[in-house]
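Residue-level structural notes
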Amino acid sequence: MKTALRIVLGLVFVVAIVYVMSNEISVHDITVTLQTLRWWNIVLIVGAVYAMTVLQGTRFFVILRSGQVEISWLNTIRVFTASQAFTPLPGGEIGRAMLLKHELGSHFHDLIGPVFLQALTELWTATLMTVLVVVFVGSVWGGWWLVGFLGLLIVLTIPLLFSKQLPRFVVWLKTRGWTYAWIDKLQMTLEQFAQLISAQATTKAWRFWGLLVGLGLAAQVLNGGLLWYVVSVTGVHIGFVQALFAAAMTVLIQGIFTIIPGGLGVTEGGLVGILLGFGMVWQKTVVVTLLYRLATLPLGIVIALIFLAFMYAKELMHAVLLKQNPS
């Protein structure tokens, strides 16, 4: 029931955004923009999208190996890329863990901690990017917005600094009558997460955290570069730093509004608002937003489905042949 509610809520946001955009921009404007794209533009966009996936998958590999999960880098990239197909679904990170469990034969509990840390690192580095841009470069989103970004960074850092205390807090909540199914799942997740963090409490821990942050920031820079490139091919110009900020904000919006599958609707609306704040014309912001979201969501899913097809082609073929010849 909760899953259905999330999907319905996401569809409502999408319909609302499409309705507003359709009244403010013509299909002709979008068609003209798409016709200006050349094959090398498409190749660069596809390459940037997959390069981001490789960076994120490499970060996930580092996390998995730190959690004593035996897996190669190539296999991690393969599984991580395929798991991007679950991105628009509610509980997409759980889908990633289930796929990894199927591929490795590992216990689901051993994968919850790494998946949680992967998602937390994504949000943490996106928040850090917004803070760095506002502090060192400046932005129209300074002032109280900066206070909010710093506050969010502190909130996201708390699980890393107090990983052992969080499961105890959940146990305390259960003693106060919070006996819900999601509380038990949360406790299990935080316990596995705490074990993973404790395993890094060594003299070489800085290497582990340096890799996670470095790979995360690299992915954020590439994401900003993709947005900057999409803006440039539409004949508009914004600064690269502004694109970094806007792209990082899309990651934050999706992370904060996880109740909505893929952040549909709210991400588009948020990006339009940010680009308008940078002085872009309304019609152009809509076109840029649509192109950027097409690149980062549907295109990523298509790539993931291709990987899934190759991974399970033999199993599917075997199932079809078995159905046709049950004897």
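Remember, predicted model here, so these are calculated numbers, not experimental data.

Brief notes about the packing of helix H3 (residues 39–66) against helix H10 (residues 205–233)
Here H3 crosses H10 at 165°, and the two axes come no closer than 10 Å. By the angle between their axes, H3 is roughly antiparallel relative to H10. Crossing handedness for the pair H3 and H10: left-handed. Residue composition of the contact of H3 with H10, by class: 21 nonpolar, six polar and one charged.

Structural notes on the pattern of salt bridges
Inspection of every chain in the model, using the stated rule, returns three salt bridges. With a closest N to O distance of 2.5 Å, Arg59 and Glu122 form a salt bridge. A residue pair is termed long-range when its members are at least 10 positions apart, and Arg59 in helix H3 and Glu122 in helix H6 (residues 108–137) qualify at 63 residues. Residue classification places Arg59 among the buried positions, given a relative accessible area of 1%. According to the relative accessible area criterion, Glu122 is buried, its value standing at 16%. Of the charged contacts in the structure, one is a salt bridge between Glu268 and Arg293, with a shortest N-O distance of 2.7 Å. Remark: Arg293 occurs in helix H13 (residues 282–296) and Glu268 occurs in helix H12 (residues 266–277); sequence separation between them is 25 residues.

Side note on the nonpolar core
Ranked by internal contacts, the top residues of the largest apolar core, which has 57 residues, are Leu117, Leu226, Leu227 and Phe245. Put simply, the parts of the chain that give this core at least two residues each are H3, H6, helix H7 (144–161), helix H9 (181–198), H10, helix H11 (240–256), H12 and H13. Among residues more than four places away in sequence, those in contact with Leu227 are Ala243, Ala246, Ala247, Leu271, Val288 and Tyr292. Phe61, Val115, Met311 and Tyr312 belong to the second-largest nonpolar core, a separate cluster that totals 18 residues.

Procedures and definitions
- Residues numbered from 1 in each chain as written.
- Predicted model: local features only at pLDDT ≥ 70, side-chain atom pairs only at ≥ 80, totals over all residues.
- Heavy atoms only, no water.
- Axes fitted to C-alpha atoms, helices over the stretch in contact; angles between N-to-C directions.
- Helix = DSSP H or I, 4+ residues; strand = E, 2+ residues; numbered from the N terminus.
- Parallel < 35°, antiparallel > 145°, perpendicular 65-115°, else oblique.
- Left-handed = near helix turned anticlockwise from the far one by under 90°.
- Nonpolar A, V, L, I, M, F, W, Y, C, P; charged D, E, K, R; others polar.
- Salt bridge = Lys/Arg side-chain N within 4 Å of Asp/Glu carboxyl O.
- Buried < 20%, exposed > 50% of the residue type's maximum accessible area, 1.4 Å probe, protein only.
- Core = buried A, V, L, I, M, F, W, Y, C linked by side-chain atoms within 4.5 Å.
- Contact = heavy atoms within 4.5 Å.

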